[in-house]
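Residue-level listing of the chains:
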Amino acid sequence: EVLRSVSVHPILRPLRHTTHVMLLLAGWLLGTVIFYYTEAPAEHQMVADTYAQLNDAFDIIADDMISVTASTNNDTVVAEHVKKAYIRLLEIEGKWRWSAIQKTEGPEAHYMWTFGTSFFFVFTVFTTVGYGSIYPWTDAGRAITILFGCVLYPFSIVVVRDLGQLMLVGLTRVYGKVLIKIREAQGYITKESEVISLPWVMALIVSMGFIALSAVFFKYYDEAIAPYEEFTYFISFYFSFLSFTMIGLGDIMPTNEPWAPIVAVIIWLGLPLMRVITKMTYLRMENFYFGAFVYIESRLGAKKQVEPEAPKAVENTDNSDSDEDEDEEAREKRIRDKVMLNFTVRSLGKCIASGRDVYGGEFGRVDLKKSDL
């Protein structure tokens, strides 16, 4: 509470905000460099291999068509060979699955839009996962997507936060009971007034365990539907992680059933848990950033010096409320000054580990007095 009330020196106020932005940009550029030099060579090699396979296929198809047209004048036979050649080209390009021919004639024919896949799509809209693997084809569908996004997305955040808080309370209770039992076994007595909080590491372990178990389920569920077995353990974990963190690139989806309703349900059930670990993580990062600048200011000795003011003439004898306000403000200032002078690396570490919200959970609401302006 005291740290949250510490005012940053005017010289450092712009620096605090610009430093955060610069750190984010640095991470952005670092990621750009890493992904460019990791993925670009792989893409060039993949394109070269595919291009070579296509050229080989062109030669084979051309020889086959010459022999077919030389042996028959039947248009149906020639058309069937052309069709097989086209399918072969689609397979080389990796576009056979979910193509028009596969949906119509394939042994596991499956249209994109069914009742179940519509259920999955609405889930991707209001959770903002947005894989991009299924999307509306019509302007009417796009307009409805906007409408549902405006209505369901904010409400889904309320629901996820509420369930996340409920889940956090439940996990904390379980952790607290286990902790007390362990202490009792070691001969320690937990005081009734002691505050027990779920450690960030424990929440991280639980969330990653849930992601891993979900990945195993997604793999075996997908393999049970159809014979394709391209969904490896790592790929399944990758898909699971991107889903629960709501990154949802859509580059990887279950091979045989990419829009399964059961997948949407499991991911949605895990979002409150992800909300818990996400909040606990960003609060610690927030505390680090805020506390780091408080530490820098304390090291630079940037304490504001306020000259004592001459006593003002009292115009009204009934100023009890004003005196109380001035006393309270003076007391808060003395506390802030004391914090600034004594803030250390150890204080910063305690601030980060506490997981307290430095903005007091009041982000977006600011109360200012006339004097604050």
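Residues numbered from 1 in each chain as written. Predicted model: local features only at pLDDT ≥ 70, side-chain atom pairs only at ≥ 80, totals over all residues. Heavy atoms only, no water.

### A look at the overall build of the protein chain
Convention followed: Numbered from the N terminus, helices here are DSSP runs of H or I no shorter than four residues, and strands are runs of E no shorter than two. Accessibility here uses a 1.4 Å probe with only protein chains present; expressed as a share of the type maximum, an area under 20% marks a residue as buried, one over 50% as exposed, and anything in between as partly exposed. Contacts are residue-level and defined by heavy atoms, with any inter-residue pair within 4.5 Å sufficient.
Across its full length, the protein chain holds 10 helices and zero strands. Reading the protein chain from its N terminus to its C terminus gives the helix and strand order α-α-α-α-α-α-α-α-α-α. Across the 373 residues that make up the protein chain, the buried fraction comes to 28%. In the protein chain, 71% of the contacts between residues at least 6 apart in sequence involve partners at least 24 apart.

### Quick word on helix H7 (residues 233-244)
Cut-off, in case you're wondering: Residue count minus one, scaled by 1.5 Å, sets the expected span of a helix.
The terminal C-alpha atoms of H7 lie 16 Å apart, and with 12 residues this matches the ideal 16 Å at 1.5 Å per residue to within 8%. Of the residues making up H7, those classed as buried are Ser236, Phe239, Ser240, Leu242, Ser243 and Phe244. Met246 sits one or two positions beyond H7 and adopts a positive phi of about 60°.

### Some points on the packing of aromatic side chains
Using the following cut-off: For this analysis, a ring pair means two rings from Phe, Tyr or Trp (six-membered ring only for Trp) whose centres lie within 6.5 Å, classed as stacked if their planes differ by under 30 degrees, edge-to-face if by over 60, and tilted for the remaining angles.
What the rule picks out here adds up to 12 aromatic pairs. A centroid spacing of 5.8 Å and a plane angle of 15° characterise the contact between Phe120 and Tyr131, whose relative ring orientation is stacked. Placement of Phe120 in helix H4 (residues 115-126) and of Tyr131 in the loop between H4 and helix H5 (139-185) is noted, with a sequence separation of 11 residues between them. For the pair Phe120 and Tyr131, one class covers both residues: buried. Between Phe210 and Phe244, the ring centres sit 5.4 Å apart and the planes meet at 70°, which makes this aromatic pair edge-to-face. Within this pair, whereas Phe210 is found in helix H6 (residues 200-225), its partner Phe244 is found in helix H7, the two being separated by 34 residues in sequence. Its relative accessible area of 27% is what places Phe210 among the partly exposed residues.

### Considerations on the packing of H6 against H7
Note the threshold: Axis lines are fitted through C-alpha atoms, for helices just across the contact stretch, and the angle between N-to-C directions can take any value from 0 to 180 degrees. For classification purposes, angles smaller than 35 degrees are called roughly parallel, those larger than 145 roughly antiparallel, those between 65 and 115 roughly perpendicular, and all remaining angles oblique. The sense of a crossing depends on the near helix, which, turned anticlockwise from the far helix by less than a right angle, makes the crossing left-handed and, turned clockwise, makes it right-handed. Throughout this entry, Asp, Glu, Lys and Arg are counted as charged residues, while Ala, Val, Leu, Ile, Met, Phe, Trp, Tyr, Cys and Pro are counted as nonpolar. The remaining residues, Gly among them, count as polar.
Relative to each other, H6 and H7 sit at 125°, their axes nearing to 8 Å. Regarding the angle of H6 to H7, the classification is oblique. Considering the relative orientation of H6 and H7, their crossing is right-handed. Counting all contacts with H6, which are made through Met208, Phe210, Ile211, Ala212, Ser214, Ala215, Val216, Phe218, Lys219 and Tyr220, the residues of H7 involved are Tyr233, Ser236, Phe237, Phe239, Ser240, Phe241 and Phe244. Grouping the amino acids of the contact of H6 with H7 by side-chain chemistry returns 13 nonpolar, three polar and one charged.

### Describing the side chain of Ser207
You can see Ser207 is positioned in helix H6. Assessed through its relative accessible area of 1%, Ser207 is described here as buried. If we skip the residues at most four places from it in the chain, Ser207 touches Leu273, Met274 and Ile277.

### Some thoughts on the UniProt feature "transmembrane region" (unreviewed entry) in the protein chain
This is how it is decided: UniProt positions are given in the numbering used here, feature names are shortened, and annotations may be inferred rather than shown by experiment.
In the UniProt entry, the feature "transmembrane region" (unreviewed entry) is given for residues 21-38, 111-131, 143-160, 200-221, 233-253 and 259-277. Counted over residues 111-131, helix gives 57% and strand 0%. Its end C-alpha atoms are 18 Å apart.

### Quick notes on the packing of H4 against H5
Relative to each other, H4 and H5 sit at 65°, their axes nearing to 8 Å. The interaxial crossing formed by H4 with H5 has right-handed handedness. On H5, the residues touching Phe121, Val122, Val125 and Phe126 of H4 are Thr145, Phe148, Gly149, Leu152, Tyr153 and Ser156. Looking at the contact of H4 with H5 residue by residue, the class counts come to seven nonpolar, three polar and no charged.

### Description of the pattern of salt bridges
Between side chains of opposite charge, pairing is possible as soon as their charged atoms come close. We count it as follows: Every case where a carboxyl oxygen of Asp or Glu lies within 4 Å of a side-chain nitrogen of Lys or Arg is listed as a salt bridge.
Per the counting criterion, the structure on display carries four salt bridges. Notably, a salt bridge pairs Glu91 with Arg88, separated by 3.7 Å at the nearest N-O pair. Placement of the pair is Glu91 and Arg88 together in helix H2 (residues 75-93), with a separation of three residues, close to one helical turn. Its relative accessible area of 42% is what places Arg88 among the partly exposed residues. For the salt bridge of Arg142 with Asp139, the shortest nitrogen-to-oxygen distance reads 2.9 Å. Highlighted residues: Arg142 and Asp139, both in helix H5, separated by three residues, approximately one helical turn.

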